[in-house]
Amino acid sequence: MEPMDAVHDDGTALDAARRAAWLGELKAADGPVDLIVVGGGITGVGVALDAATRGLDVVLVEKHDLGFGTSRWSSKLAHGGLRYLTKMEFGIARDSAVERGRLMRHIAPHLIRALPQVTPLADDTTLLQKAAVRLGYAAGDLLRMTARTPSTVLPRSRYRGRAATLEMVPTVLRDGLRGAWVNYDGQIIDDARMVTAIARTAADNGARVITRCRAVDATGSGAMLVDELAGDRFRLSARAVVNATGVWAGSLDDDIRIRPSRGTHLVFDAETFGNPTGSLTVPLPGSISRYLFLLPAQLGRVYLGLTDEDTPGEVPDVPPTPESDVEFLLDNINRALETKVTRADVRGAFTGLRPLLVPDGDDAGSTADLSRRHATVTSDDGLISIVGGKFTEYRLMAQETVDVVVADRGMHAGECRTMELPLVGAPGHRGSWGVREAELAALPESLVARYGHEAPKVVAVATVPDPLGKVAGLDVTRAEFEYAVTHEGAMNVGDILDRRTRIGLVAADRVAAAPFAREVLALHGIAVTGDE
């Protein structure tokens, strides 16, 4: 393939120069933009994409990096809504199933695969739990069919015998093991990569996506923007402003009440669990609605999750992982393992805070009992906030939010176009036209898994020596580090290691890969002052 033209011939590209140009345009603007979106997580980029594809003039600002907050700490599942049925939240369950189907069929089929969820039938679970699992998985099949997701995309649930169960999850408890119920859900290669892909697709449709830019004093008619790199401040007026800051929503609107729920995952080497191909999914003792799961992940890793703990108080930028969460996860997963794991097996951990909206007058109960429903809230000064919700429903949340914006402000805008709009890298995206399967087959499988039909371009535009060489012996190419800077908006070491590649989830791997990240940043004229 011939080398690509200059970066800015590619409308999806995000880099330091384009950021500076956009800021210059906004500072010189003599009139309002249509919409300012505050927050560069999954919800914010979804709103920016929806609004831009309707023809609105959109500016998204994020005080840190794309996917910096809760969006990178999820379980990396495009969840079909099964867990919400136990809470009788049928609307959320169906919406999740529909949105999962759209993601897997049209929007991001290159980033999502069908994941078998393996629930063993052994002596460590009660008869009630076994029955609940089977009924639940049957209900999941019904949800899939209702959402019109074909079984060729997401297989139906089924019973698998002992041998097949051990093949999928080799270290499962063998005493009394007869087989397993297996359900299929969508697994995202990485949540932060998903955020980046949506942001780049929004940029390709005209949105200005600006990181390291903080919004203060936001109202329904504009916000004071602070360039965190240069220190400049300027007022940008807008016909509407959307607060999509998730768990930090209350910092822009004092009337919004959020109860953060802490969700922790542990990171292991996949070899510790015999390199599983399925997700071991086991109920917590005495529960038919809460589960732990081992998720096979990229870079030869496995994630163990998930906690759900009320976490009141100030919301930090990066939530710490309490040792009590580590002990809880280890103690409970070991009940289902033939080969037990210890604290020494843990390679890393990550913790996110879910932004659960508290209804007026409802302060009781645990966060596990709060609804995952989303809502739009309009403040007295006109600021529109989108709060609550789930990762899988980001597109629906964005559609409903832009509908509110357009109706409330009397804007002229087109209809929603995101229901089947392919993201950059998806087979249907215009940047993928002409890419041949032979080109993809010639590249590392892991590279294609992260970039889809854009993978050949990642290599074609690389200027670093040995672009397909591995970084620090990991399953990430040198070309990907450079592409993070030239096309994905990475501006420091943390952007590359912690959000574009996820190498940073294991501290030792982060240390090994950091020198090359600094080298690539310097190659493109970005001063390196630290690792974040």
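Parameters and conventions
Residues numbered from 1 in each chain as written. Predicted model: local features only at pLDDT ≥ 70, side-chain atom pairs only at ≥ 80, totals over all residues. Heavy atoms only, no water. Helix = DSSP H or I, 4+ residues; strand = E, 2+ residues; numbered from the N terminus. Rg over C-alpha atoms; globule rule 2.2 N^0.38 Å. Buried < 20%, exposed > 50% of the residue type's maximum accessible area, 1.4 Å probe, protein only. Contact = heavy atoms within 4.5 Å. Areas by Shrake-Rupley, 256 points an atom, 1.4 Å probe, with all protein chains shown as cover. 1 Å grid on protein atoms, 1.4 Å probe; cavity = no way out; pocket = protein on both sides within 12 Å on 5 of 7 lines; lining within 4 Å. Points joined across faces, edges and corners; volume = space filled by probe spheres on them. UniProt positions renumbered as here; feature names shortened; annotations may be inferred. Phe/Tyr/Trp six-rings, centres within 6.5 Å; stacked < 30°, edge-to-face > 60°. Nonpolar A, V, L, I, M, F, W, Y, C, P; charged D, E, K, R; others polar. Patch = residues over 30% accessible without salt bridge, like charges linked within 9 Å, V, L, I, M, F, W, Y side chains within 5 Å. Salt bridge = Lys/Arg side-chain N within 4 Å of Asp/Glu carboxyl O. Lys, Arg positive; Asp, Glu negative; His and termini not counted. Charge placed at Lys NZ, Arg CZ, Asp CG, Glu CD. pLDDT = per-residue confidence, 0-100. Pairing = 2+ DSSP bridges. Axes fitted to C-alpha atoms, helices over the stretch in contact; angles between N-to-C directions. Parallel < 35°, antiparallel > 145°, perpendicular 65-115°, else oblique.

Quick look at the overall build of the chain
For step 1, the next point in the chain: Of the regular secondary structure elements, the chain holds 15 helices and 18 strands.
For step 2, the next point in the chain: In terms of overall size, the chain behaves like a compact globule, its C-alpha atoms giving a radius of gyration of 23 Å where 532 residues would be expected to give roughly 24 Å.
For step 3, the next point in the chain: Across its three principal axes, the chain shows a C-alpha extent of roughly 70 × 60 × 40 Å.
For step 4, the next point in the chain: A buried classification covers 61% of the 532 residues belonging to the chain.
For step 5, the next point in the chain: Taking contacts inside the chain between residues at least 6 apart in sequence as the whole, the part at least 24 apart equals 70%.
For step 6, the next point in the chain: Summed over its atoms, the accessible surface of the chain is roughly 20,400 Å², and 53% of this surface lies on carbon and sulfur atoms.

Structural notes on the layout of surface pockets
For step 1, the next point in the chain: Approximately 710 Å³ is the volume attributed to the second largest pocket.
For step 2, the next point in the chain: Around the second largest pocket sit 30 residues that line it, and Arg-113, Ile-189, Gln-298, Glu-445 and Ala-449 are the ones nearest its centre.
For step 3, the next point in the chain: Every element with two or more residues in the lining of the second largest pocket is listed here: strand 4 (112-121), strand 6 (179-188), strand 13 (291-297), strand 14 (301-305) and helix 11 (445-451).
For step 4, the next point in the chain: Per element, the largest residue contribution to the lining of the second largest pocket is five residues, and it comes from helix 11.

Some points on the UniProt feature "domain: Alpha-glycerophosphate oxidase C-terminal" (unreviewed entry) in the chain
For step 1, the next point in the chain: When the UniProt feature table is mapped onto this chain, "domain: Alpha-glycerophosphate oxidase C-terminal" (unreviewed entry) is found at residues 416-514.
For step 2, the next point in the chain: Note that residues 416-514 is 43% helix and 0% strand, and that its end C-alpha atoms are spaced 41 Å apart.

Here we look at the packing of aromatic side chains
For step 1, the next point in the chain: In this structure the tally under the stated criterion is six aromatic pairs.
For step 2, the next point in the chain: Note on Trp-73 and Phe-350: the rings are 5.8 Å apart at their centroids and 25 degrees apart in plane angle, and the pair reads as stacked. In this pair, Trp-73 is assigned in the loop between strand 2 (58-62) and strand 3 (77-78) and Phe-350 in strand 16 (residues 348-357), connecting sequence segments 277 residues apart. Residue Trp-73 shares its accessibility class with Phe-350, and that shared class is buried.
For step 3, the next point in the chain: Look at Tyr-303 and Phe-350: their rings are 5.4 Å apart centre to centre, the planes differ by 90 degrees, and that puts the pair in the edge-to-face class.

A short note on empty space enclosed by the protein
For step 1, the next point in the chain: Enumeration according to the criterion identifies five cavities of 30 Å³ or more in this entry.
For step 2, the next point in the chain: By volume, the largest cavity amounts to about 100 Å³.
For step 3, the next point in the chain: Together, Leu-14, Asp-15, Ala-16, Arg-18, Arg-19, Trp-22, Leu-66, Val-209, Thr-211, Gly-489 and Met-491 line the largest cavity.
For step 4, the next point in the chain: The set of elements that each furnish at least two residues to the lining of the largest cavity consists of helix 1 (16-27) and strand 7 (208-211).
For step 5, the next point in the chain: At four residues, the largest contribution of residues to the lining of the largest cavity is made by helix 1.
For step 6, the next point in the chain: Its residues assigned to classes, the lining of the largest cavity comprises six nonpolar, two polar and three charged.

Topic: a negative patch on the surface
For step 1, the next point in the chain: Taken together, the side chains of Asp-254, Asp-255, Asp-380 and Asp-381 make up a negatively charged region of the molecular surface.
For step 2, the next point in the chain: Mapping Asp-380 onto the fold places it in the loop between strand 17 (374-378) and strand 18 (384-388).
For step 3, the next point in the chain: Among the residues examined, Asp-380 registers a relative accessible area of 82% and is labelled exposed.

Re the confidence of the model for the chain
For step 1, the next point in the chain: Averaged over all residues, the pLDDT of the chain is 92; the fraction at 70 or higher stands at 94%.
For step 2, the next point in the chain: Here residues 364-371 is modelled with pLDDT under 50, and outside its nearest four sequence neighbours on either side it reaches 22 contacts, counting other chains as well.

Here we look at the pairing of strand 17
For step 1, the next point in the chain: As judged from the five bridges shared by strand 17 and strand 18, these two strands associate in the antiparallel manner. Bridge pairing in strand 18 places Thr-376 opposite Ile-386.
For step 2, the next point in the chain: Linking strand 17 back to strand 18 in an antiparallel pair, the connection comprises five residues, with Gly-382 at a positive phi of about 95 degrees.

Structural notes on unusual backbone geometry
For step 1, the next point in the chain: In this chain, Gly-305 is followed by Leu-306 through a cis amide linkage whose omega measures 25 degrees.
For step 2, the next point in the chain: With respect to the element layout, Leu-306 can be found in the loop between strand 14 and strand 15 (309-310).
For step 3, the next point in the chain: Of note, the phi angle at Leu-299 is positive, near 65 degrees, even though the residue is not glycine.
For step 4, the next point in the chain: Following the sequence through the fold, Leu-299 ends up in the loop between strand 13 and strand 14.

As for the packing of helix 4 (residues 90-107) against helix 9 (residues 394-409)
Each packed pair of helices is defined by two parameters, the angle between the axes and the distance between the axes.
For step 1, the next point in the chain: It is the contact of helix 4 with helix 9, at a shortest axis distance of 9 Å, that shows an interaxial angle of 105 degrees. One way to sum up the angle between helix 4 and helix 9 is to call them roughly perpendicular. Listed contacts from helix 9 to Asp-95, Glu-99, Arg-102, Leu-103 and Ile-107 of helix 4 are Tyr-394, Arg-395 and Leu-396.
For step 2, the next point in the chain: Grouping the amino acids of the contact of helix 4 with helix 9 by side-chain chemistry returns four nonpolar, no polar and four charged.

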